[in-house]
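Summary of structural features
Each chain, written out:
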Amino acid sequence: GAGVSQTPSNKVTEKGKYVELRCDPISGHTALYWYRQSLGQGPEFLIYFQGTGAADDSGLPNDRFFAVRPEGSVSTLKIQRTERGDSAVYLCASSEQVTANTGELFFGEGSRLTVL
Amino acid sequence: AQSVTQLDSHVSVSEGTPVLLRCNYSSSYSPSLFWYVQHPNKGLQLLLKYTSAATLVKGINGFEAEFKKSETSFHLTKPSAHMSDAAEYFCVVSGLRAAGNKLTFGGGTRVLVKP
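This text gives an overview of the structure that appears in the document. Since the model is a prediction, treat every value here as computed from it, not as a measurement.

All right, on to the overall build of chain A then. Counting its regular elements, chain A contains 0 helices and 11 strands. Ordered by position from the N terminus, the helices and strands of chain A form the series β-β-β-β-β-β-β-β-β-β-β. Split into buried and exposed, the 116 residues of chain A put 47% on the buried side. In chain A, once contacts between residues fewer than 6 apart in sequence are set aside, the share between residues at least 24 apart is 54%. Just so you have it, chain A exposes about 5500 Å², and 46% of that area is on carbon and sulfur atoms.

What follows is the structure, encoded as structure tokens:
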């Protein structure tokens, strides 16, 4: 597609459940980023991939959060044993090869996660 | 380390009057700076970017920003607000390319435009 696509757009789950959020980046973009935006705040960095590998996962809040990008394109953010505090909008962004760009990221519309 | 502070969480202007959104940054190296806009239920959209070229940067929809190193500021302005400018605006600093171009966002400024 023309832009970054995220699914689902909305997800409501119960505390303790497992959730997967999917991101389909712009074709040809090698870098992929996950951010989390809590209500009333700016997005916060979670993890970024350069190709298939997670180059920096320093923003993941704890070991319940995990992300993969097995073929260097689509990425899945996985959250185990969800807690009410995980409720937020999860944003995905992609960019051209990191060394070739000036930091401009292209964002999807986000996946809104609500944990009851 | 890098950080961004947006000095106003909310700004209210009348249509046709100037808009000023204030941003101060902290960075241990020459930063790349951005302003992104987020309309309700829409993805973040790049307004403009500064990457060590001209200090006065022009963006889309009539917005511009000036990089002032001495003041560590990157304020966003528009001469005449339009109703469609009502949105949330984020000042953003980019990390070193070697660090993956991670973006650090400010807390956001919500703009209300009154008719």
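Now, onward.
The side chains of a regular strand alternate, first on one face of the sheet and then on the other. Residues and elements named next belong to chain B. By the alternation rule, side chains of strand E1 (residues 2-6) split into Gln 2, Val 4 and Gln 6, which are all buried, and Ser 3 and Thr 5, of which none is buried. In the sheet, E1 pairs with strand E4 (residues 23-27) via 5 bridges, with the strands oriented antiparallel. For Ser 3, the partnering residue across the bridge sits in E4 and is Ser 26.

With that settled, consider the layout of surface pockets. Residues and elements named next belong to chain A. Considering only enclosed or pocket space, the largest pocket measures out at about 670 Å³ in volume. For the lining of the largest pocket, the secondary structure elements donating two or more residues are strand E9 (88-95) and strand E11 (111-115). In terms of residue count, E11 provides more of the lining of the largest pocket than any other element does, 4 residues in total. A breakdown of the residues in the lining of the largest pocket according to their chemical character gives 6 nonpolar, 20 polar and 5 charged.

That bond from A:Thr7 to A:Pro8 is cis: its omega, -10 degrees, falls within 30 degrees of zero. Residue placement: A:Pro8 occurs in the loop between strand E1 (5-7) and strand E2 (10-13). Phi at B:Asn61 is positive, roughly 60 degrees, even though this residue is not glycine. Residue placement: B:Asn61 occurs in the loop between strand E7 (56-58) and strand E8 (64-68). The phi dihedral of B:Thr72 is positive, around 45 degrees, even though this residue is not glycine. Take B:Thr72: it is sitting in the loop between E8 and strand E9 (73-78). B:Thr72 sits in the partly exposed class, given a relative accessible area of 32%.

Residues and elements named next belong to chain A. Read across the open sheet, the 4 strands follow the order E1-E3-E8-E7; overall the sheet is antiparallel. Taken across any chain shown, the strands that pair with only one partner, and hence form the sheet edges, are E1 and strand E7 (65-68). Between one strand axis and the next, the sheet turns by 15 degrees as a mean value, whatever way the strands run. Bridge analysis of E1 against strand E3 (residues 19-24) gives 3 bridges, and the strand direction is antiparallel. Note on E3: the bridge partner recorded for Thr 7 is Arg 22.

Time to look at the side chain of A:Arg36. Residue and element names in this part refer to chain A. For Arg 36, the position within the fold is in strand E4 (residues 31-37). Within the buried set, Arg 36 has no salt-bridge partner at all; the shortest N-O distance to an opposite charge, 4.1 Å, is to Asp 86. Side-chain polar atoms of Arg 36 contact the side chain of Tyr 90, separated by 3.5 Å. Setting aside chain neighbours within four positions, we find Arg 36 in contact with Gly 42, Pro 43, Glu 44, Leu 46, Pro 61, Phe 65, Gly 85, Asp 86, Ala 88, Val 89 and Tyr 90.

Criteria and thresholds
- Residues numbered from 1 in each chain as written.
- Chains lettered and ligands numbered in written order.
- Predicted model: local features only at pLDDT ≥ 70, side-chain atom pairs only at ≥ 80, totals over all residues.
- Heavy atoms only, no water.
- Helix = DSSP H or I, 4+ residues; strand = E, 2+ residues; numbered from the N terminus.
- Buried < 20%, exposed > 50% of the residue type's maximum accessible area, 1.4 Å probe, protein only.
- Contact = heavy atoms within 4.5 Å.
- Areas by Shrake-Rupley, 256 points an atom, 1.4 Å probe, with all protein chains shown as cover.
- Pairing = 2+ DSSP bridges.
- 1 Å grid on protein atoms, 1.4 Å probe; cavity = no way out; pocket = protein on both sides within 12 Å on 5 of 7 lines; lining within 4 Å.
- Points joined across faces, edges and corners; volume = space filled by probe spheres on them.
- Nonpolar A, V, L, I, M, F, W, Y, C, P; charged D, E, K, R; others polar.
- Axes fitted to C-alpha atoms, helices over the stretch in contact; angles between N-to-C directions.
- Lys, Arg positive; Asp, Glu negative; His and termini not counted.
- Salt bridge = Lys/Arg side-chain N within 4 Å of Asp/Glu carboxyl O.
- Polar contact = N/O pair within 3.5 Å; in protein donor to acceptor, adjacent residues only side chain to side chain.

Honestly, it's all geometry; don't read function into it.
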